[in-house]
Structure formats: C-alpha cells, structure tokens
Amino acid sequence: MTDIIQKVKNLSIGFRSKKGEEILILKNISTNIKKGETVGIVGESGSGKSTLALAMMGYVKHGLYTIEGECQFNSSNLLKMKSKDLEKIRGRKIAMIPQNAGQALTPNLKIGYQIDEALQLHSDLNEKEREKKISELLNKVRLPSPETIALRYPHELSGGQQQRVAVAMALAGTPDLLLLDEPTTGLDVTTQAHVLELLNFIAKDTGTSMVYVSHDLGAIAQVSDRIIVMYSGEIVLEGPSRDILKRPIHPYTHGLLKSIPKLSLAGLPESMPGSQPQPGTIQSGCSFFDRCNFSDENCKNNSPKLEFLKDLNTSVRCFNYEKLVNESQASQTVNKIKNKSQDKEILNLSEVSISYAKQKLLDQIFNRISDDNPTVKDININIKKGETIALVGESGSGKSTILKSIAGLLRTKDGLIRFDENRNLSSDLKERDPNDLRIIQLIFQNPDESLNPNHTVEEIIAQPLKLYFGLKGEELKKNIVDLLQKVRLGEFYTSRYPRQLSGGEKQRVAVARAFAAKPDIILCDEVTSALDVSVQAAVLNLLQQLKEDFGTTYIFVSHDLAVVRAISDRVAVLYQGRLCEVGPSNDVYKFPSHPYTEVLLGAVLEPDPDIKPKLVAEDIVEERPPEKGCSFQGRCSRIVGDICKKEIPPWQLTDSGNAIRCHIPIKELQKEQF
Amino acid sequence: MKLDNIYKEEKKSAFAKLSEIIITMASRPSGLIGLSILVFHIILAFISPYIAPHDFKAIDPTLMLQAPSAEYWFGTDDLGRDVFTRTILGGRTALTITFFGSLIALLWGGLLGIFCGLVGGKIDDVVMRIVDAFLSIPWILAMLLIVSLLGTSTEVLIPALGFFYGKGIVRVARAATHDVIAKDFIVSARARGHSNFSIIWNEIIPNVRDAILVEGAMRWSWMLLGFSSLSFLGFGVSPPTPDWGLMISNARGLMSFAYWAVIAPIVGLSSLIIGINLTADAFAKALGIDRSTKAPV
C-alpha cells in the first residue's frame, strides 16, 4: 500500500508518576494517514490529541516517553530515529503549523527573512529562485502585496496574517504531511473562516495530507475528510467526517454534538455530566463509563475494543453502539429560555465614551481626557432587570472595555452609567461606595487566572462574604457550603485548591464567588471560551438556572455567536467600539441585519459539513476606528457611497423592535446577499 | 466520585508543608549536601562553647604558631591560641548577625517591593529611583562610614546590613508582584473593592512569598561574605571574639609558613556559604521556582 504516508502502530506514550507508576497519555493508538487526505483529530483538552500529532513528527514532549509502538513515515519509525535523520524529515517532509503563530515567528526578523531561512534549509534553490518563491508562497496564502509583507516584522501583522505566514513557512519545504495544532483557535470568527478556507484550498491545490488537531468540531467539520475522536488517550470513534457528524455512533461524540449550541436553534443545549478522567485514574472498564447515558454493567468491568464496522466504514470503541446506529441524527433538544426581563430598568448607559489615550500634563491638571476618536463611543443601552444582554463583536470591538467601565475598573470619558435610574456609576472604583461595588460582580474568561492559586475554595468564596456582609465562623461556613451547593459542587470542595479542580469546576467556583455578593448585575466576560465543549453547556445551564432563581441581570460578552444565541434575550453588536445593531436575539439572528452582523453570522462554523461559512467581508484588521462616518466603512461590502464615509449612520427600527445603524434603508437590508 | 481518591491532597498545616518541602529538598544530592552543611553549621554554632577543647582567648607565647598536632588539631596562631577552638566558635557571631540581618532585609525589601509593584505610578517611580541611587553607592564604603560613626555593636550591624542587602530584594519583590497583578484574581479583588492592604496580604503575598524567600536565602550567603569582609577590614567583630573574617585577616601575613591558621577559617566560611547557596537552590526547586527548564528538542 503506497498511498499511506503515515502509519501509527500500537502507539502508547506515557510518563512515570512520582510513585513510579506508568501513566498512559496515549493508549495503544493505531491509525493511518493516506496521501492527500485531511484527517481531523478532535478531543477535549487532555485527551492526548496534541501528543499524537507531535508523535507523528517524531517528537515526544519532555517528561513523556514512548512505551511501545511506532510512527512510520515512509516505512521508517520516527520515534526511534536519530535527531540528525529527523532534521531531514521535519520541515521537508512533515511540517507543523503551530497554534499561536504570533509566538512561533521570531519577533526580530523580517517575514521574508524567516521564509527564506526555511527555503534555504529545505530546498536547493539559488538566491534568485528563492526570491521568486517567497512572493509565490505569500501569494499562495493570499497575503496582499507580498513584496511589502516580506519586509515587515511579525508584530506589524494581524493574527490572521501571522497564521498565513506560518502556513507559507510550512509550505516552503513542500511537505507531504502538514500537522496543524489548533491553527485557528486564537483567531477572530471571520479570520478563522478565512484561514480554514485557505487551508482547504491548499489541501486541494498541493495534494498535501493534513492532520488537523482541534477541540472545535465546527472547524474540523469544515476541513476534514476523516475524523478521529479521542477521549482520555484512546481513539473512541474514527470514520468519514460526514458520517461522524451526521450520525455519531459513539455516546461521547453523540453527547458532544448535542451539547454544542447552534445558530439555528435558540435555547440552551443539553449538557453532558462530569468531566474527562485524569490520566491514570481509570483502572478497568470503559473510560467514558461514568458520563455515558447508554452504559451497563458490562461497560463498568470490561473495556471495549476499537471495532471496525464494515458497512459504516467506521471504527467505534463501544459495546452499545447499536443503540445509537438507529438514531438517524443526533436530534438536538434545547431548553428554551424564558425571557424573565421586567419592565424596570436596572442599568442605563447613555452616550458613553471610553478612551485609552494617555493623559497629557494639561489634561492631568484639569482631570480630563481629550481624545477626539475614543476607543468606545456613543454607547446607548438600556438594560432591564432580569434580562441577559449580550455584547458581541470581534477582538478590538470594545466589548470588554465597556464591561470594565461598568465594573468601575476603567473611567469613562463622557456619558452616564446609571444604576436603578438614579444612582450614578460613571465614577471609577475609588469613588464608588462598597454597596455600588457589591451590586455589580464580574466572572472572568479564564478561571485559572481569576482564582488565586494559593487559596482554597473556601477562602476564595469567603472573600466577598467577609467583605460585604462581615460574616464569621459558623455562619460564614454555612453560607459557603450553600453557595457551593447552588453551583452543584459538594461540601468536600471547600478544602481544595484551584489546581485540584477541573476547568468546569473552577468556573463554578468563580460563579459561586460572584453570587456570594448577592449582586444585581453580573458581568460575564467570555465565561465559556476557556472551557471544553462538553463542559460549556453545563456552565451555561447553571448560569441560566441561577438567573432564574435569583432574578439577576447578566451582561454577557462573547465572540461566539452560537453561545450568545443560546443564552441571551437581547444582543448588541459592536464594531470598533461603536454599536451596529441592538435588538432581541431572535431578531438579530434574522434578516434584516446590519452588514457587520451578517459578516459575523456568515463566519460561524457549525459542526455540520453541509453548512459552509459565507465569507462576505475581507478579514482586514483595523487598528483604529475611522474618524468620520460609519465605523464599518473599511470592511463593508455594501457601501452606498460617500455618505458612509462622512456621516454617522442613523438608527433605523425594524418592525420587530430591532435597531440597526446603517445608511442602507431597512427594506434594502432585508434582501439577502446570497 | 472517583476523582476523590486521587485528589486527596487536602489543606495541610504549615508544619506538614514545611516538612514536605524539606524532604523534597533532601531528595536531590545537591540539596542533601547543602542542607547537611547548613544544619551542621547551625548545630555547631549552638554547641561549640560546650565542646571547645581550649579557651579561645588564652594567649600563650610558648605555643606560638605550632603546627597541627594531637593536642592542637588545627595548630595554633601567632598568639598561641588554639585554631580549632577559634574556628568552631568563629561562625557564631557571623551566623547570628547575618541571619537577623537577612530577616530585616526580607521584611523591608519584600514589603516595599510588593507595595511599589501594586501601586505603580508616581510613588513607584520615586521609590525605585531612590533604591537605584542606593544601589550605585559602594555598600562597603557606606558601611565603613556607618560603623565608624556608630560603632560596631550588633545593634548597629544588623540593621545596617539588613538595609544594604534589602535593596536587591525590593527589585525582585516588585518584579514578582508585577507578574501577579496582571492576573484576573487581582482585578476581581479590586472590582470587589478590597483595600490595598487586603490585596497585598491575601492575594499577592501568598503568590510572591516563595520567590522572595528564595531571594532572601541567597542574600543571606552574600551578606555572610559581606560581614566577613567587614571583619577582615577590622570593622566587624572586635577582638578577642573569634571570627572567621578576623582570623583570616590576622593570619594572612603568616600564610607562607603557618598555612593552617588561615586555611581553617577559610574552610569554615566557604563551606557555610556553599551550604546556604545549595540549600537556597534546592529550596527554589522544591517550591517549583525552577530557573533551569529545558528547551524542547
């Protein structure tokens, strides 16, 4: 068989624990990568997907070692090769595209120089040919004007452009196999869609095999021919991507697909219980046993083997897959959220502007900020008690900046933030009294950073209780346990440190800490984006439950439009710190909509091979908002004329109560572009 | 839940934590050597007055510059005093003074550094420039000035050494604080409205403590060297109290024919410094502040 280029045979990789036990990260993996094929490896963090991808280029992380098995590339085992021989293969035959291109590119060397380095190493071209090849490569990854890009430094490019440069460098050696480790994870939605489209094109154009590692089924669905699903170091499902996404016959994949929020469905998806077991903790039975809805006694005691089903062309590691074969599609049920908002207004932002400009001496003396073109401008939002309002936009849209101002971490330049119609919250932390601080609480994106690693869960939750209510002793303890139960964590969590908790548990502790202050408003800053997909739905469901119990108002910031669709009552779309569209979420997700909303919605990746992203606008990144006119003029594909560049567009109301800020009349906007 | 069994690591008492750290330190050969040397010196400092075979200040002209023998193990010095007795007693003053000196250095340097790191802005600028200015003064000259004005008593030496060796700690503590204050848990504490004091005490100190303690341990060994230099110059311990720096200074002129009188205190001093350095390194590793992580291959 000559069309197999990488053969992984019975590969087990692990490490030795302090007690001397052998702990497996990869358990007996066997798979083949064929020529010209794109294979997606999907799994949660800790499932061993990156370890597998790295082993495919003969690299085992420091501290891990190969226990048995081999990775054959052109019938030689990469894992036993000397580093001299590996050098000849890496880059030339197998190339890697890292997750964060910004960190992978050397900051003090020009882009062209770095690509030239790769060419010198991996090809026999002379200087003239290399010169030509550099612009050819940059052209291939669709970077505008390659000649100027080649002379730039990495920091002068945007994230998407850096990722393209990384792709160009990987292609410099004309490799047979490309390994991509979460190549689009840090990128904005629109950029992500563009990069994936480019990768698809390159796979077709050059016939290179690709191994695409990601936690994002949406991205995997767009690029791969075949999907390998990993769970706690094992392949649990492997087969053609369409079949796996349309008819997942392993309970894990089945549950995973069900727990991903979709654009087409409003409401919260079902969540999967529990979390992935830590390496070395499963002694017998199926590793998915305690989270599985289809398990029985057999699963508890015996571990299933990977079984190849000829008629489905799929391998599955499950005793009870037959129960799932008959379910035609993972039919998704969602809990429709009830709009609990009352008529009472709780927070009002009027004409709010926020500037990051440094104060000059004169401004410092007069205690003012002078900046004609502030980062955030003209924000007018009324937030009603009990509603969930989402702020969406790409990075740099000012959504987190607005949150910081509401929390008092950042001073506003102009405008008023009023709480409960009469309390002025436009001041920053020092000027607010403790009660003003108590009513607004924050939940952060990454619980690893938002929980003090040297405090136990008890100490973490005790902080707001002691600060605001002066609780002590028994009463404090009782309140802590109460809060932990509300976020569905047991009492025994009190003495644990954050490092002993899983990602989902950590975020629950952060939620408990926010609710400990008995706040009226909770600001959620990308609260689910650092979590695994299977845990995300559980946290969203918890937030919704708590909101219904306490009548809290959420201001929810996210770049993930599907998540926003699932949880929010109202959505505000931001671009460059200016509002584009505000309205009930059902209406924002329907036409007519602002051109920018259209771009965002088009770029969402769904875990469905039939839904392709629509790429409307260029993925240019603008550094600063335009001084005059519409904020979106630079990227808009529906510009009507000079008016867009000169005048700030007016607010237009649709019949359903959706406000759109655009020069194009509503009726025109109604027409779909596609 | 199955996870319970693996994560049985519950909150431990300070004593349990300390003993765990010491065990981890001793599990490395370099750590074991360092710890043994340090413990040996500390025990010696406590018991030496009771085990000393001779009187450390008994001058006997008939015994001048005797070579090592069964009676006088390390020989005698130019005044006929027993070098062995003086060597085992010679570390006591240095150890005590520098131990308390480093504590003072840790305290003021650490707290000031954390405070500057947290508040930033103008206060930080001014304080750091003052610290920089002090860093540019040769400390030994400044010490000589202080000692000649105020005398060489312990009450003068401890705070003076503590002050001069704390400057470096300010920088380390400030840098460690900068690493921490960017984290969201500090933002979260600020947004809740905790005071600066509460943020320093609850959020920052637990996270920078390790780095500062390790730095303090390193400073201890430097301070020991500094203090011995003072004694060597005649501004440290006053005779006839035995002290390594002083002994080296006295015996160095006779080195060519009575090497024993100079070698013994040198071995004493350098072994203690090496012991402290190795211990500090092992301490850093046991706390997970490892500066020598391997680059991927």
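This one's a predicted model, so the numbers in the text were calculated from it and none came from an experiment. (Residues numbered from 1 in each chain as written. Chains lettered and ligands numbered in written order. Predicted model: local features only at pLDDT ≥ 70, side-chain atom pairs only at ≥ 80, totals over all residues. Heavy atoms only, no water.)

**A look at the overall build of chain B**
Scanning chain B from N- to C-terminus turns up eleven helices and zero strands. Written out in order from the N terminus, the α and β elements of chain B read α-α-α-α-α-α-α-α-α-α-α. Over its C-alpha atoms, taken along the principal directions, chain B stretches across nearly 75 × 55 × 40 Å. When the 297 residues of chain B are sorted by exposure, 43% land in the buried category. Put simply, of all contacts in chain B between residues at least 6 apart along the chain, 70% involve residues at least 24 apart. (Helix = DSSP H or I, 4+ residues; strand = E, 2+ residues; numbered from the N terminus. Buried < 20%, exposed > 50% of the residue type's maximum accessible area, 1.4 Å probe, protein only. Contact = heavy atoms within 4.5 Å.)

**Focus: the sheet that holds strand β8 (residues 209–214) of chain A**
Residues and elements named next belong to chain A. The eight strands lie next to each other as β6-β7-β8-β3-β9-β10-β13-β12, forming an open sheet whose pairing is mixed. In this open sheet, the two strands that pair with only one neighbour each are β6 (94–97) and β12 (307–309). Geometrically, the sheet is characterised by an average inter-axis angle of 20° between neighbouring strands, direction not taken into account. Across the sheet, helix α7 (residues 159–171) touches β6 and β7 (177–181), and the angle it forms with β6 is around 175°. Packed onto the sheet, helix α8 (residues 189–206) meets β3 (38–42), β7 and β8 and runs at close to 155° relative to β8. (Pairing = 2+ DSSP bridges. Axes fitted to C-alpha atoms, helices over the stretch in contact; angles between N-to-C directions.)

**Considerations on the side chain of Lys133(A)**
Residues and elements named next belong to chain A. Positionally, Lys-133 belongs in helix α5 (residues 127–140). Buried and without a salt bridge, Lys-133 has Glu-136 as its closest oppositely charged side chain, separated by 4.1 Å. Discounting chain neighbours no more than four positions away, the residues touching Lys-133 are Leu-119 and Leu-125. (Lys, Arg positive; Asp, Glu negative; His and termini not counted. Salt bridge = Lys/Arg side-chain N within 4 Å of Asp/Glu carboxyl O.)

**Quick word on the pattern of salt bridges**
Residue and element names in this part refer to chain A. Per the stated rule, a full pass over the model turns up 29 salt bridges over all chains. Among the salt bridges present, the one from Asp-116 reaches Arg-130, with a minimum N-O distance of 2.6 Å. In this pair, Asp-116 sits in helix α4 (residues 111–122) while Arg-130 sits in helix α5, placing the two residues 14 residues apart along the sequence. Two residues, Lys-506 and Asp-448, come together in a salt bridge whose shortest N-O distance is 2.4 Å. With Lys-506 in helix α20 (residues 503–516) and Asp-448 in helix α17 (residues 447–450), the pair connects residues that are 58 residues apart, well separated along the chain. A residue is classified by how much of its surface remains accessible, and Lys-506, at 11% relative accessible area, is buried. Here Asp-448 falls in the partly exposed class, since its relative accessible area comes to 47%. Taken together, the shared-partner salt bridges connect Arg-242, Lys-246, Asp-608 and Asp-610 into one network.

**Notes on the domain arrangement of chain A**
For chain A, the domain assignment lists domain 1 (4–93 + 175–325), domain 2 (105–174), domain 3 (440–518) and domain 4 (591–670). Once you take the C-alpha centre of each, domain 1 of chain A and domain 3 of chain A turn out to be 34 Å apart. (Domains from an automatic or database assignment.)

**A word on the pairing of strand β23 (residues 570–575) of chain A**
All names here are of chain A. Among the six residues that make up β23, six are buried, leaving the element largely enclosed by the rest of the structure. Neither face of β23 is open: one carries Arg-570, Ala-572 and Leu-574, the other Val-571, Val-573 and Tyr-575, and all of them are buried. Here strand β17 (residues 388–392) runs beside β23; their pairing, made up of four bridges, is parallel. Bridge assignment links Val-392 to a residue of β23, and that residue is Val-573. Examined bridge by bridge, β23 and strand β24 (residues 578–584) share six bridges and lie antiparallel to one another.

**Some details on the pairing of β7(A)**
Residues and elements named next belong to chain A. By the criterion of burial, β7 is predominantly enclosed, with five of the five residues buried. By the alternation rule, side chains of β7 split into Leu-177, Leu-179 and Asp-181 and Leu-178 and Leu-180, which are all buried. By the bridge criterion, four bridges tie β6 to β7 in an arrangement that is parallel. The residue of β7 that forms the bridge with Met-96 is Leu-179.

**Points about the packing of aromatic side chains**
Per the stated rule, a full pass over the model turns up 16 aromatic pairs over all chains. With a centroid separation of 5.4 Å and 70° between ring planes, the pair formed by Tyr252(A) and Phe288(A) is classed as edge-to-face. Residue Tyr252(A) is found in helix α11 (residues 251–259), and its partner Phe288(A) is found in the loop between β11 (268–269) and α12 (297–301); the two are separated by 36 residues along the sequence. Both residues of the pair, Tyr252(A) and Phe288(A), count as buried. Both rings, one in Phe515(A) and one in Phe550(A), keep their centres 5.3 Å apart while their planes meet at 40°; by these two values the pair is tilted. Within this pair, whereas Phe515(A) is found in helix α20, its partner Phe550(A) is found in helix α21 (residues 533–550), the two being separated by 35 residues in sequence. Taking the relative accessible area as the measure of exposure, Phe550(A) reaches 42% and is therefore partly exposed. An aromatic cluster is defined as three or more aromatic residues linked by ring pairs; in this entry it consists of Trp108(B), Phe134(B), Phe163(B) and Phe164(B). Lying across the ring of Tyr493(A), Arg496(A) places its NZ or CZ 4.9 Å from the centre. (Phe/Tyr/Trp six-rings, centres within 6.5 Å; stacked < 30°, edge-to-face > 60°. Lys NZ or Arg CZ within 6 Å of the ring centre and 35° of its normal.)

**Overview of the side chain of His663(A)**
Residue and element names in this part refer to chain A. On the secondary structure map, His-663 appears in the loop between β26 (659–661) and α26 (666–670). The buried category is assigned to His-663, whose relative accessible area is 17%. At a separation of 3.4 Å, a polar atom in the side chain of His-663 contacts the main-chain carbonyl oxygen of Ile-643. In terms of polar contacts, His-663 uses its side chain to reach the backbone carbonyl oxygen of Glu-647, at 2.9 Å. Residues in contact with His-663, not counting those within four places in the same chain, are Val-640, Ile-643, Cys-644, Glu-647, Ile-648, Pro-649, Pro-650 and Gln-652. (Polar contact = N/O pair within 3.5 Å; in protein donor to acceptor, adjacent residues only side chain to side chain.)

**Overview of a nonpolar patch on the surface**
A surface patch of nonpolar side chains, amounting to about 720 Å² of accessible area, comprises Val39(B), Ile42(B), Ile43(B), Phe46(B), Ile47(B), Tyr50(B) and Ile51(B). Tracing the sequence through the fold places Tyr50(B) in helix α3 (residues 29–51). (Patch = residues over 30% accessible without salt bridge, like charges linked within 9 Å, V, L, I, M, F, W, Y side chains within 5 Å. Areas by Shrake-Rupley, 256 points an atom, 1.4 Å probe, with all protein chains shown as cover.)

**Remarks on the nonpolar core**
Residue and element names in this part refer to chain A. In this structure, Ile-115 and Leu-138 are the most contacted members of the largest nonpolar core, which totals 67 residues. No fewer than three residues from each of domain 1 (4–93 + 175–325) and domain 2 (105–174) sit in this core. By size, the runner-up hydrophobic cluster in this structure holds 62 residues, among which are Val-564, Ala-566, Ile-567 and Ala-603. (Core = buried A, V, L, I, M, F, W, Y, C linked by side-chain atoms within 4.5 Å.)

**Quick look at the packing of helix α2 (residues 14–26) of chain B against α3(B)**
All names here are of chain B. The interhelical angle for the contact between α2 and α3, taken along N-to-C directions, is 115°, at an axis separation of 6 Å. With respect to their mutual orientation, α2 and α3 come out roughly perpendicular. When α2 is examined against α3, the residues Ile-22, Met-25 and Ala-26 are found in contact with a partner set consisting of Gly-31, Leu-32 and Leu-35. Its residues assigned to classes, the contact of α2 with α3 shows five nonpolar, one polar and no charged. (Parallel < 35°, antiparallel > 145°, perpendicular 65-115°, else oblique. Nonpolar A, V, L, I, M, F, W, Y, C, P; charged D, E, K, R; others polar.)

**Quick word on helix α4 (residues 83–119) of chain B**
With 37 residues, α4(B) should cover 54 Å at 1.5 Å per step; its first-to-last C-alpha distance of 53 Å lies within 8% of that length. Its side-chain oxygen placed 3.4 Å from the backbone nitrogen of Phe84(B), Asp82(B) serves as the N-cap of α4(B). (Expected span 1.5 Å × (residues − 1).)

**Observations concerning the environment of Leu483(A)**
All names here are of chain A. Secondary-structure assignment places Leu-483 in helix α19 (residues 473–486). Residues Leu-483 and Val-509 lie 26 residues apart in sequence; the distance between their C-alpha atoms is 9.0 Å. Here Leu-483 is in contact with Ile-461, Leu-465, Ala-512, Phe-515 and Ala-516, once residues within four sequence places are set aside.

**Some words on the packing of helix α6 (residues 139–150) of chain B against helix α7 (residues 154–181) of chain B**
Residue and element names in this part refer to chain B. Interaxial distance between α6 and α7 falls to 11 Å at its minimum, and their mutual angle equals 155°. Taken together, the axis directions place α6 and α7 in an arrangement best described as roughly antiparallel. Here α6 and α7 pass one another in a crossing that is right-handed. Contacts between α6 and α7 involve Trp-139, Ala-142, Met-143, Ile-146, Val-147 and Leu-150 from the first element and Val-156, Leu-157, Ala-160, Leu-161, Phe-164 and Tyr-165 from the second. Each residue belonging to the contact of α6 with α7 can be placed in one class, and the counts come to twelve nonpolar, no polar and no charged. (Left-handed = near helix turned anticlockwise from the far one by under 90°.)

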